[in-house]
Amino acid sequence: MESIKIKLSTGREVEINDDTVKILNKYVRTQMTLEELAKELGLNGWEEAYDLIKQVPAWIMWYPETIYKRS
């Protein structure tokens, strides 16, 4: 599946690719905090992580990585 770019309110663009999907899957299936999510994605704090979560379609976060790779 081709990557998707999400533009945050800070102007930063985040590419949603296989690695990002793996981290988002971990976020929605565990008790990972927004601060931890920001650190894993290289964002500047929980505010950017929250902004990303608001904009990413929910199906991407819950989509199993193995199926995502086949698309």
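Each value, and the rule that gives it
- Counting restarts for each chain, with residues numbered from 1 along the sequence as it is written.
- The predicted nature of this model means local features are confined to residues of pLDDT at least 70 and side-chain atom pairs, given and counted, to a pLDDT of 80 or more, with totals for whole chains, interfaces and linings taken over all residues.
- Excluding hydrogens and water, the side-chain figures rest on all heavy atoms present in the structure.
- In this text, buried Ala, Val, Leu, Ile, Met, Phe, Trp, Tyr and Cys residues form a nonpolar core when linked through side-chain atoms within 4.5 Å.
- Each residue gets one of three labels from its accessible area relative to the maximum for its type: buried under 20%, exposed over 50%, partly exposed in between, using a 1.4 Å probe on protein chains only.
- Every helix listed is a DSSP run of H or I at least four residues long, and every strand listed is a run of E at least two residues long, numbered separately from the N terminus.
- Contacts: residue pairs with any heavy atoms within 4.5 Å of one another.
- Only one rule defines a salt bridge in this text: a Lys or Arg side-chain nitrogen within 4 Å of an Asp or Glu carboxyl oxygen.

Engineer: I tried to follow the nonpolar core on my own but got confused; where do I start?
Structural biologist: Core analysis: the biggest nonpolar cluster contains 21 residues, and Ile 16, Leu 37, Leu 43, Leu 52 and Val 56 have the highest contact counts within it. Mapped onto this core, the elements with two or more residues apiece are β2 (13–16), α1 (18–29), α2 (34–41), α3 (46–55) and α4 (58–62). Examining the composition of this core, we find that 5 residues originate from one element, α1, more than from any other. Other than its neighbours up to four places away in sequence, Leu 52 contacts Ile 6, Leu 8, Val 14, Ile 16, Leu 41 and Leu 43.

Engineer: Help me understand the pattern of salt bridges in this model?
Structural biologist: Pairs can form between side chains of opposite charge once their charged atoms are near each other. Throughout the structure, instances matching the rule amount to 2 salt bridges. Between Glu 48 and Arg 12 there is a salt bridge, and its shortest N-O distance comes to 2.9 Å. Here Arg 12 lies in the loop between β1 (4–7) and β2 and Glu 48 lies in helix α3, a separation of 36 residues in the sequence. For Glu 48, a relative accessible area of 7% translates into the label buried. A salt bridge links Lys 26 to Glu 40; the nearest nitrogen and oxygen atoms lie 3.0 Å apart. Of this pair, Lys 26 sits in helix α1 while Glu 40 sits in helix α2, and the two are 14 residues apart along the sequence.

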